[in-house]
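# Geometric and topological summary
Here's the letter readout for the chains.
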Amino acid sequence: GLELSWSLVRTWSRLEPPVRAVPLPCTMVLALAARARERGWEDVSTLLLVGFDAMLRTGELFGLRSTDVMFTARGAVLRLEATKMGGRQARSDMVQLHCPPVLALLHTRLRCLAAGERLSERTVPQLRACLRTLAADFGLGHVRYTWYSLRRGGATADFLEHGSLETTLVRG
C-alpha cells in the first residue's frame, strides 16, 4: 500500500516537474510598482517593493500588518509571524529593510492604516489578479510571474550585489 503510493509520487515527480516561479528583475519590479501606483493600487505597489527588497515568501508578504513594522534610525524591521521556520519553532522571524525608496513608500502606506491592519486588505485571488494585470500591461501576460517571483528576484539581486550566497541566505 504505502510503498506503491511512494512509487507513484516519485514517478509523478519525474513526469511532472514543479513549475518554478520566474525571478522578477529589479527593473521590472520598479515598473510594476509604478504602474500599480498609476492604477491607484498603492497597497499593491507597496507589497511589490517590500516583497522584493525583503525577499519575503508570499504568505509572509500577504500577512504583514501595520503593527509588524518598526522603523529604526537605519531603516525598518519587519516582524514575520507566518514564516516557514518560525512556524515550526513557534517563534517570529525578523527581516530588515534598508532601501530608502521602499522605506518611504512603506511609511506612506502605514499612515493610511489602522493599528493591526494588513498592508493590503485584498484577498489572495485579487492580489494574484492584480499581478497578472500589471504584467499584461507590459505585454508580459505570458510570463509566469507570481508573487513568489519577488522572493526569487530579490535573492538574485541581493546575491549579485554582494557576491555572497551566505549574506543572501542570512537576509532571506
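Data block above holds the structure.
Described below are features of the structure shown in this document. Just so it is clear, the model here is predicted, and its values are computed rather than measured.

## Topic: the packing of helix α3 (residues 42–54) against helix α7 (residues 124–137)
- Two elements in contact, α3 and α7, have axes whose closest approach is 11 Å; the angle formed by their N-to-C orientations is 85 degrees. If you check the angle between α3 and α7, you find them roughly perpendicular. Seen from α3, the contacting residues are Val 44, Leu 47 and Leu 48; seen from α7, they are Leu 127, Cys 130, Leu 131 and Leu 134.
- Looking at side-chain class alone, the contact of α3 with α7 contains 7 nonpolar, no polar and no charged residues.

## Concerning the pairing of strand β1 (residues 69–72)
- The pairing of β1 with strand β2 (residues 75–80) spans 4 bridges and is classified as antiparallel. Within β2, the position partnered with Phe 71 by the bridge is Ala 76.
- What sits between β1 and β2 in their antiparallel hairpin is a turn of 2 residues.

## Comments concerning the pattern of salt bridges
- This structure, assessed with the given rule, holds 6 salt bridges.
- The closest approach of N and O atoms between Arg 35 and Glu 38, which form a salt bridge, is 3.1 Å. On the criterion of helical spacing, the pair formed by Arg 35 and Glu 38 is a turn pair, its members being 3 residues apart in helix α2 (residues 26–38).
- Among the salt bridges present, the one from Asp 68 reaches Arg 79, with a minimum N-O distance of 2.9 Å. Within this pair, whereas Asp 68 is found in the loop between α4 (58–62) and β1, its partner Arg 79 is found in strand β2, the two being separated by 11 residues in sequence.
- The structure contains a network of salt bridges with shared partners spanning Arg 35, Glu 38, Arg 39 and Asp 137.

## Points about the nonpolar core
- Counting 40 residues, the largest nonpolar core has Leu 48, Leu 78 and Trp 147 as the members making the most contacts within it.
- Of all the elements in the fold, those that place two or more residues in this core are α2, α3, α4, β2, β3 (93–97), α6 (100–111) and α7.
- With 7 residues, the single largest contributor to this core is α3.
- Sequence-distant contacts of Trp 147, that is, excluding residues within four places in its chain, are made with Val 44, Leu 47, Leu 48, Thr 58, Leu 61, Phe 62, Leu 127, Arg 128 and Leu 131.

## Overview of the pairing of β3
- What you see with β3 is a clean split: Asp 93, Val 95 and Leu 97 sit on the buried side and Met 94 and Gln 96 on the side with no burial.
- Judged from the 5 bridges that link them, β2 and β3 form a sheet pairing that is antiparallel. Looking at the pairing, Val 77 lines up with Gln 96 of β3.

## Section: the sheet that holds β3
- Spatially, 3 strands are ordered β1-β2-β3 in an open sheet, and the strand pairing comes out antiparallel. Both outer strands of the open sheet, β1 and β3, are each paired with one neighbouring strand and no more. Taken pair by pair, the neighbouring strands of this sheet meet at an average axis angle of 25 degrees, ignoring direction.
- Strands β2 and β3 of the sheet are contacted by α3, whose axis makes an angle of about 105 degrees with β3.
- Against the sheet, α6 contacts β1, β2 and β3, and its axis sits at roughly 125 degrees relative to β1.

## So, the environment of Ala 76
- For Ala 76, the location among the structural elements is in strand β2.
- Of the residues examined, Ala 76 reaches a relative accessible area of 2% and is grouped as buried.
- Distance from Ala 76 to Leu 103, taken between C-alpha atoms, is 7.1 Å for residues 27 residues apart in sequence.
- In contact with Ala 76, other than residues within four places in its own chain, are Val 69, Met 70, Phe 71, Val 95, Gln 96, Leu 97 and Leu 103.

## Observations regarding the packing of aromatic side chains
- As enumerated under the stated definition, the model contains 1 aromatic pair in all.
- Summarising the aromatic geometry, the rings of Phe 62 and Trp 147 are spaced 5.3 Å apart at their centres and angled 75 degrees between planes, so their arrangement reads as edge-to-face. Here Trp 147 lies in the loop between α7 and α8 (148–162) and Phe 62 lies in helix α4, a separation of 85 residues in the sequence. A single burial state applies to Phe 62 and to Trp 147, both of which are buried.

Procedures and definitions
Residues numbered from 1 in each chain as written. Predicted model: local features only at pLDDT ≥ 70, side-chain atom pairs only at ≥ 80, totals over all residues. Heavy atoms only, no water. Axes fitted to C-alpha atoms, helices over the stretch in contact; angles between N-to-C directions. Helix = DSSP H or I, 4+ residues; strand = E, 2+ residues; numbered from the N terminus. Parallel < 35°, antiparallel > 145°, perpendicular 65-115°, else oblique. Contact = heavy atoms within 4.5 Å. Nonpolar A, V, L, I, M, F, W, Y, C, P; charged D, E, K, R; others polar. Pairing = 2+ DSSP bridges. Salt bridge = Lys/Arg side-chain N within 4 Å of Asp/Glu carboxyl O. Core = buried A, V, L, I, M, F, W, Y, C linked by side-chain atoms within 4.5 Å. Buried < 20%, exposed > 50% of the residue type's maximum accessible area, 1.4 Å probe, protein only. Phe/Tyr/Trp six-rings, centres within 6.5 Å; stacked < 30°, edge-to-face > 60°.

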